[in-house]
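Tertiary structure, described
One-letter residues, chain by chain:
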Amino acid sequence: MAPHIRRLEPDDALLTYALARLTTPDLALAEWQSQLARTEACGGLYALFENDTPRALLSYSRAIAHDGADIFVIDWIAAFDLLSPERAATRLIGDFRDLHAAKSVRVAWCPDPPAAAFDQAIAQSASLHSVL
């Protein structure tokens, strides 16, 4: 069977739990099940499957751009493959983007930087004014 992606549902919890723990080692099964039960309005999780085996997971949240366009923000990705986990992750990202391109959805990535670096980066792009 060719690799394919699909949105994960609560019934996929046991099948994908070990892969999800690559990103969050202390993730409890009940917490994973609740994440899979989120409505699409909040975001969700997709997986790349090869021969019915999950190889990569992608978690996304939703946002609205200043022009009103939908944005799917990739929060994290986890992949496992004996030879090339990067290939699995790249395939999942590409297929995820292709799937949503027809819906005029923008796909973005939001790494989890340290708060200080994030705050500083935003402050540097601000219009700052001072008396001195």
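Please read these numbers as outputs of a predicted model, since none were measured by experiment.

A short note on the pattern of salt bridges
Going through the model one piece at a time under the given rule, you end up with seven salt bridges. Two residues, Arg62 and Asp70, come together in a salt bridge whose shortest N-O distance is 3.4 Å. Accessibility expressed as a relative area gives 31% for Arg62, which makes it partly exposed. By relative accessible area, Asp70 is classed as partly exposed at 27%. Asp81 is paired through a salt bridge with Arg87; the nearest N and O atoms lie 3.4 Å apart. The exposure class of Asp81 is buried, given its relative accessible area of 15%. When salt bridges with common partners are traced through the structure, they connect Glu50, Arg55, Asp81 and Arg87 into a single cluster.

A few points about unusual backbone geometry
A positive phi angle is found at Asn51, which is not glycine, with a value near 55°. Examined against the element boundaries, Asn51 turns out to sit in the loop between β2 (43-50) and β3 (53-64). Within the chain, Asp52 stands out as a residue other than glycine whose phi angle is a positive 65°. Considering the arrangement of structural elements, one finds Asp52 in the loop between β2 and β3. Taking the relative accessible area as the measure of exposure, Asp52 reaches 51% and is therefore exposed.

Structural notes on the environment of Tyr46
Assignment of secondary structure puts Tyr46 in strand β2. On the accessibility criterion, Tyr46 (6% relative accessible area) is buried. Spatially, the C-alpha atoms of Tyr46 and Leu92 are 8.2 Å apart, while their sequence positions differ by 46 residues.

Concerning the nonpolar core
Taken as a class, soluble globular proteins show a tendency for nonpolar side chains to be buried jointly. With 14 residues, the main nonpolar core has Leu8, Trp32, Leu36, Leu45, Leu57 and Trp76 as its most contacted residues. Put simply, the parts of the chain that give this core at least two residues each are α1 (13-20), α2 (29-36), β2 and β4 (70-79). It is α1 that contributes the most residues to this core, four residues altogether. By size, the runner-up hydrophobic cluster in this structure holds twelve residues, among which are Ile5, Tyr46, Ala56 and Phe96.

Remarks on the pairing of strand β1 (residues 4-7)
Only one face of β1 is buried: it carries Ile5 and Arg7, and the other face, with His4 and Arg6, is open. Bridge analysis of β1 against β2 gives four bridges, and the strand direction is antiparallel. Note that in β2 the partner of Ile5 across the bridge is Leu48.

Observations concerning the pairing of β4
The sheet contact formed by β3 and β4 spans nine bridges and is antiparallel. Note on β4: the bridge partner recorded for Leu58 is Ile77. Relative to strand β5 (residues 106-109), β4 runs parallel, the two sharing four bridges. The residue of β5 that forms the bridge with Ile71 is Arg106.

Focus on the packing of aromatic side chains
Within the structure shown, the criterion is met by six aromatic pairs. Considering the side-chain rings of Tyr60 and Phe96, the 5.3 Å spacing of their centres and the 50° angle between planes classify their relative orientation as tilted. Of the two residues, Tyr60 is situated in strand β3 and Phe96 in helix α3 (residues 85-101); the sequence distance between them amounts to 36 residues. The class for Tyr60 is buried, based on a relative accessible area of 0%. Connected via pairs of aromatic rings, a cluster forms that spans Tyr46, Tyr60, Phe72 and Phe96.

Reading guide: rules and limits
Residues numbered from 1 in each chain as written. Predicted model: local features only at pLDDT ≥ 70, side-chain atom pairs only at ≥ 80, totals over all residues. Heavy atoms only, no water. Salt bridge = Lys/Arg side-chain N within 4 Å of Asp/Glu carboxyl O. Buried < 20%, exposed > 50% of the residue type's maximum accessible area, 1.4 Å probe, protein only. Helix = DSSP H or I, 4+ residues; strand = E, 2+ residues; numbered from the N terminus. Core = buried A, V, L, I, M, F, W, Y, C linked by side-chain atoms within 4.5 Å. Pairing = 2+ DSSP bridges. Phe/Tyr/Trp six-rings, centres within 6.5 Å; stacked < 30°, edge-to-face > 60°.

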